[in-house]
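Summary of structural features
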Amino acid sequence: MKTKPVAEPSTRTQQPIVTGTGVLGIKYNGGVMLACDTLGSYGSLARFRTVKRLEKVGDFTVVGASGDLSDFQKISSMLREMSTSDSAYDDGCNMTPRDIHQYLGRVMYNRRNKFDPLWNELVVAGFRDGKPFLGAVDLIGTMYEDDIIATSFGNYVCLPLMRKAGTNLSKEEAKQVMENCLRVLYYRNTKSSTKIQIATVSAEGVEIGEPFEISTYWGYSAFQHTEYHGKRL
Amino acid sequence: MFRNQYDTDVTTWSPQGRIHQVEYAMEAVKQGSACVGVKSKTHAVLTALKRSTNDMSSYQKKIFKVDEHMGIAISGLTADARSLCMYMRTECLQHKYVYESPVPVQRLVIDIADKCQGCTQSASARPYGVGLLVAGMDQTGPHVYYNCPSGNYYEYKAMTIGARSQAAKTYLEKHFASFENLELKDLVKHALTALKETSQNGDINAKNASVAIVGIDHPFTTYDEENVQQFIDLLDKDEISEGATKTETDTAMQE
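Residue numbers here run from 1 along each chain, matching the order of that chain's written sequence. Chain labels run from A onward and ligand labels from 1 onward, assigned in the order the entries are written. Only residues with pLDDT of 70 or above have their local features reported here, since the model is predicted, and side-chain atom pairs are shown and tallied only from 80 upward, although totals for entire chains, interfaces and linings are computed over all residues. Derived side-chain values reflect all non-hydrogen atoms in the structure, with water molecules and hydrogen atoms excluded from consideration.

Some details on the overall build of chain B
The way it works is that DSSP assigns letters per residue, a run of H or I at least four long becomes a helix, a run of E at least two long becomes a strand, and they are numbered from the N terminus. From N to C terminus, chain B includes seven helices and 10 strands. For the radius of gyration, the atoms used are the C-alpha atoms, and the globule rule reads 2.2 Å times the number of residues raised to 0.38. Against the compact-globule benchmark of 18 Å for 255 residues, chain B has a radius of gyration of 19 Å, which places it among compact chains. Buried residues are those whose accessible area, probed at 1.4 Å on protein chains only, stays under 20% of the maximum for their type, while exposed residues exceed 50% and partly exposed ones sit between those limits. Sorting the 255 residues of chain B into buried and exposed places 51% on the buried side. Here, residues are in contact when the closest pair of their heavy atoms is within 4.5 Å. The contacts of chain B with a sequence gap of at least 6 include a subset with a gap of at least 24, amounting to 63%. Working definition of accessibility: Shrake-Rupley area with a 1.4 Å probe, residue cover restricted to the visible protein chains. Total accessible area on chain B stands at roughly 12900 Å², and carbon and sulfur atoms take up 51% of it. Counting rule applied: Lys, Arg positive; Asp, Glu negative; His and chain ends not counted. Charge placement uses NZ in Lys and CZ in Arg. For Asp and Glu, CG and CD serve respectively. Across chain B, the 26 positively charged side chains and the 32 negatively charged ones have centroids separated by 3 Å.

Rendered as structure tokens:
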């Protein structure tokens with residue numbers, strides 16, 4: 001007896017391909033700061049060394065992304081389209097950071113409902129009408145706002161460090177916290193690099209810095225004599 | 001006999017370069033009772049004169065709330081207005097769902113204008129027979145727009161449409177320059193005074209007048225019946241104080 005061949009269910013993005021790791025966001029006095037490294041990993045291979053994962057949207061917002069980088073390129077182009085249409089209307093109105101956060105939440109949730117998610121965790125930072133904004137969206141459309149945000153591995157490693165630093169920081173202090181967090185992240189996370197990028201949003205507008213190297217120190221004895229319950233690892 | 005050859009549908013030009021059907025639709029706007037829209041730096045105000053078909057009927061609604069930040073006053077075919085209003089409400093909800101913020105006023109006005117324009121190019125369509133005064137608030141402050149059946153839209157500091165609106169227009173032209181810095185109360189007073197000019201017997205009262213206000217920290221609110229009396233009172237008091245020569249009976253006759 002012949003059985004009919006059963007059609008396979010259609011499958012879409014089931015895993016990210018080229019990925020970026022944690023993005024960190026923190027509010028400081030008078031602004032919001034985003035930081036992340038510039039590595040594009042292909043699996044565990046450090047494939048692309050300088051990929052910019054912070055995107056300016058309009059005049060008041062920066063979006064940072066971890067997860068699949070091609071999906072982020074798609075999201076970036078959607079956001080660019082949005083701000084182009086803002087200026088095309090020529091009515092003096094433009095998207096606020098909160099608008100963009102909600103929009104991304106809708107997009108992500110819509111795509112996950114199609115079982116075809118955009119594989120990213122996004123951080124939206126903005127400054128508008130004297131107020132800072134920091135929010136996160138993930139690949140299933142979960143949205144939240146907070147004073148400190150970290151995605152992917154940063155969630156585990158950096159969040160406690162940032163929480164300890166608090167948000168009563170000057171811009172310079174915030175930058176130190178970000179650099180230190182990314183350094184610690186690099187010590188612990190095989191998919192991160194020491195080439196990092198920092199963006200700030202404040203009343204003065206958006207400023208996305210060029211990528212630069214952070215220093216590391218491997219001389220700690222804990223790094224050299226790794227023991228766990230008396231057992232050498 | 002005097003039949004117009006060129007007005008049977010909207011896709012036929014007259015040799016004078018006119019689209020008669022569209023012009024007829026614009027005439028429909030002039031048949032409705034009048035509406036006035038004005039704005040200051042902080043608020044936009046709509047007023048409208050309501051009509052009732054006879055003593056037993058209610059007064060026809062003239063002002064519709066679209067969203068927390070926007071509403072319309074209408075003149076012309078009310079049924080057409082309700083359909084446009086429903087569209088506007090849907091668009092506002094959609095925008096709120098996607099962006100969690102109110103839609104900028106001009107963008108919605110453009111959508112409506114495009115909808116109206118579409119009807120001026122299709123043989124199977126009838127242009128909307130209604131004019132809308134849209135009052136709304138967004139990032140750039142309060143706005144008053146007029147949306148015409150022809151698909152044109154205009155932004156105004158002060159505007160009036162509908163039957164005998166010319167009288168109100170004359171009043172507004174005289175006063176609009178001062179509106180920008182007015183207190184809300186004074187702005188409403190001007191809007192009602194202008195509206196009064198369009199009333200056949202110079203009578204506006206809590207029954208036949210509607211007022212709507214939207215502004216900074218003031219979600220779109222319509223005032224009718226007993227709620228509108230406070231603004232009518234504003235008007236009357238002013239007239240008594242200004243018109244010192246008027247006797248009490250004169251004032252009483254107006255009401």
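Continuing now.
What to know about the interface of chain B and chain A
Counting residues at the interface gives 13 residues for chain B, matched by 16 residues for chain A. Put simply, buried area is how much 1.4 Å-probe accessible surface two parts lose in total, over both of them, once they are put together. At the boundary of chain B with chain A, total buried surface from both sides reaches about 1300 Å², with 50% on carbon and sulfur atoms. Together, Tyr99(B), Arg107(B) and Gln139(B) form the three largest contributors to the area buried by chain B at its contact with chain A, with a combined 48%. Here a salt bridge means any side-chain nitrogen of Lys or Arg lying within 4 Å of a carboxyl oxygen belonging to Asp or Glu. For the pair chain B and chain A, the number of links is two salt bridges. Where Arg107(B) meets Asp86(A), a salt bridge forms, and the shortest distance between an N and an O atom there is 2.9 Å. Any pair of N or O atoms that falls within 3.5 Å is considered a polar contact. Within protein, one atom must be able to donate a hydrogen and the other to accept it, and sequence-neighbouring residues count only if both atoms are side-chain atoms. Our enumeration of links across chain B and chain A arrives at nine residue pairs in polar contact (both at pLDDT 80 or more). Going through the elements one at a time, helix 2 (78-99) and helix 3 (105-118) of chain B are the ones with two or more residues in the side of chain B that touches chain A. Top contributing element to the side of chain B that touches chain A by residue count: helix 2 of chain B, with four residues.

Focus: the pattern of salt bridges
As enumerated under the stated definition, the model contains 16 salt bridges over all chains in all. Ionic pairing is found between Lys52(A) and Glu210(A), a salt bridge with its closest N-O pair at 3.5 Å. In this pair, Lys52(A) sits in the loop between strand 5 (45-48) and strand 6 (54-57) while Glu210(A) sits in the loop between strand 13 (205-208) and strand 14 (212-213), placing the two residues 158 residues apart along the sequence. Taking the relative accessible area as the measure of exposure, Lys52(A) reaches 45% and is therefore partly exposed. In this structure Glu210(A) comes out as exposed when scored by relative accessible area, which is 56%. Asp224(B) is the partner of Lys50(B) in a salt bridge, and the nearest nitrogen-oxygen pair spans 2.9 Å. With Lys50(B) in the loop between strand 2 (43-49) and strand 3 (63-67) and Asp224(B) in the loop between strand 10 (218-223) and helix 6 (225-242), this residue pair connects regions lying 174 residues apart in the sequence.

Overview of the UniProt feature "domain: Proteasome alpha-type subunits" (unreviewed entry) in chain B
UniProt records the feature "domain: Proteasome alpha-type subunits" (unreviewed entry) for residues 6-28 of chain B in the present numbering. Taken as a whole, residues 6-28 of chain B contains 39% helix and 0% strand, while its terminal C-alpha atoms sit 19 Å from one another. UniProt positions are given in the numbering used here, feature names are shortened, and annotations may be inferred rather than shown by experiment.

Description of the layout of surface pockets
Of the volumes computed, that of the largest pocket is approximately 800 Å³. Contributions of two or more residues to the lining of the largest pocket are made by helix 2 (97-113) and strand 9 (131-137) of chain A together with strand 5 (130-138), strand 9 (209-215) and strand 10 of chain B. Lining residues are those with an atom within 4 Å of a point, where the points come from a 1 Å grid over the protein atoms alone and group into cavities, where a 1.4 Å probe fits but cannot get out, or pockets, open sets with protein on both sides within 12 Å along at least five of seven lines. Grid points are joined across faces, edges and corners, and a volume is the space filled by probe spheres set on the points.

Some remarks on a nonpolar patch on the surface
All names here are of chain A. The grouping of Ile-17, Tyr-42 and Leu-45 at the surface amounts to a nonpolar patch, some 300 Å² of accessible area in total. Structurally, the position occupied by Tyr-42 is in strand 4 (residues 40-42). What makes Tyr-42 partly exposed here is its relative accessible area of 47%. Patches were defined on residues exceeding 30% relative accessible area and lacking a salt bridge, with like-charge contacts within 9 Å and nonpolar side-chain contacts (Val, Leu, Ile, Met, Phe, Trp, Tyr) within 5 Å.

What about the packing of helix 1 (residues 69-89) of chain A against helix 2 of chain A?
Residue and element names in this part refer to chain A. Angles here are taken between N-to-C directions and fall from 0 to 180 degrees, while the axes themselves are lines fitted to C-alpha atoms, restricted in helices to the stretch in contact. Closest axis-to-axis distance for the helix 1/helix 2 pair is 12 Å, and the angle between their directions is 135 degrees. The pairing of helix 1 with helix 2 is recorded here as oblique in orientation. The two elements helix 1 and helix 2 meet at a crossing, and its hand is right-handed. Between helix 1, through Ile-75, Met-78, Leu-79 and Met-82, and helix 2, the contact on the second element is made entirely by Ile-100, Tyr-103, Leu-104, Val-107 and Met-108. Taken together, the residues of the contact of helix 1 with helix 2 break down into nine nonpolar, no polar and no charged. Should an angle fall under 35 degrees it is called roughly parallel, over 145 degrees roughly antiparallel, and 65 to 115 degrees roughly perpendicular, with every other angle called oblique. Handedness of a crossing follows from how the near helix is turned relative to the far one, being left-handed for an anticlockwise turn of less than a right angle and right-handed for a clockwise one. Here the term charged refers only to Asp, Glu, Lys and Arg, the term nonpolar to Ala, Val, Leu, Ile, Met, Phe, Trp, Tyr, Cys and Pro, and the term polar to all other amino acids, Gly among them.

Structural notes on the environment of Arg106(A)
Turning to its location among the elements, Arg106(A) is positioned in helix 2. Separated by 118 residues in sequence, Arg106(A) and Gln224(A) have C-alpha atoms that sit 47 Å apart. When sequence neighbours within four positions are dropped, the list of residues in contact with Arg106(A) reads Tyr97(B) and Val98(B).

Concerning the sheet that holds strand 4 (residues 70-76) of chain B
Residues and elements named next belong to chain B. By this definition, two strands are paired if DSSP reports at least two bridges between them. Taken in spatial order, the five strands line up as 3-4-5-6-7 in an open sheet, and their pairing is antiparallel. Bordering the open sheet on either side are strand 3 and strand 7 (153-156), each of which pairs with just one other strand. For this sheet, the mean angle separating the axes of adjacent strands, direction not counted, is 25 degrees. By the bridge criterion, seven bridges tie strand 4 to strand 5 in an arrangement that is antiparallel. Pairing of Ile-74 across the sheet is with Leu-132, part of strand 5. In the packing of helix 1 (residues 20-31) onto the sheet, contacts are made with strand 4, strand 5 and strand 6 (141-147), and the angle to strand 4 comes to roughly 100 degrees. Against the sheet, helix 2 contacts strand 3, strand 4 and strand 5, and its axis sits at roughly 20 degrees relative to strand 3.

Considering the pairing of strand 2 (residues 23-28) of chain A
Residues and elements named next belong to chain A. Of all six residues making up strand 2, six are buried, and the element is well covered by its neighbours. Burial along strand 2 is two-sided: Val-23, Gly-25 and Lys-27 and Leu-24, Ile-26 and Tyr-28, pointing in opposite directions, are all buried. Bridge count between strand 2 and strand 3 (residues 31-37): six bridges; the pairing is antiparallel. Bridging from a neighbouring strand, Leu-24 pairs with Ala-35 of strand 3. Between strand 2 and the antiparallel strand that follows it, strand 3, lie two residues; Gly-30 among them carries a positive phi value of about 90 degrees. Note: strand 2 against strand 11 (residues 148-150), three bridges, orientation antiparallel. From the neighbouring strand, Gly-25 faces strand 11, where its bridge partner is Ile-149.

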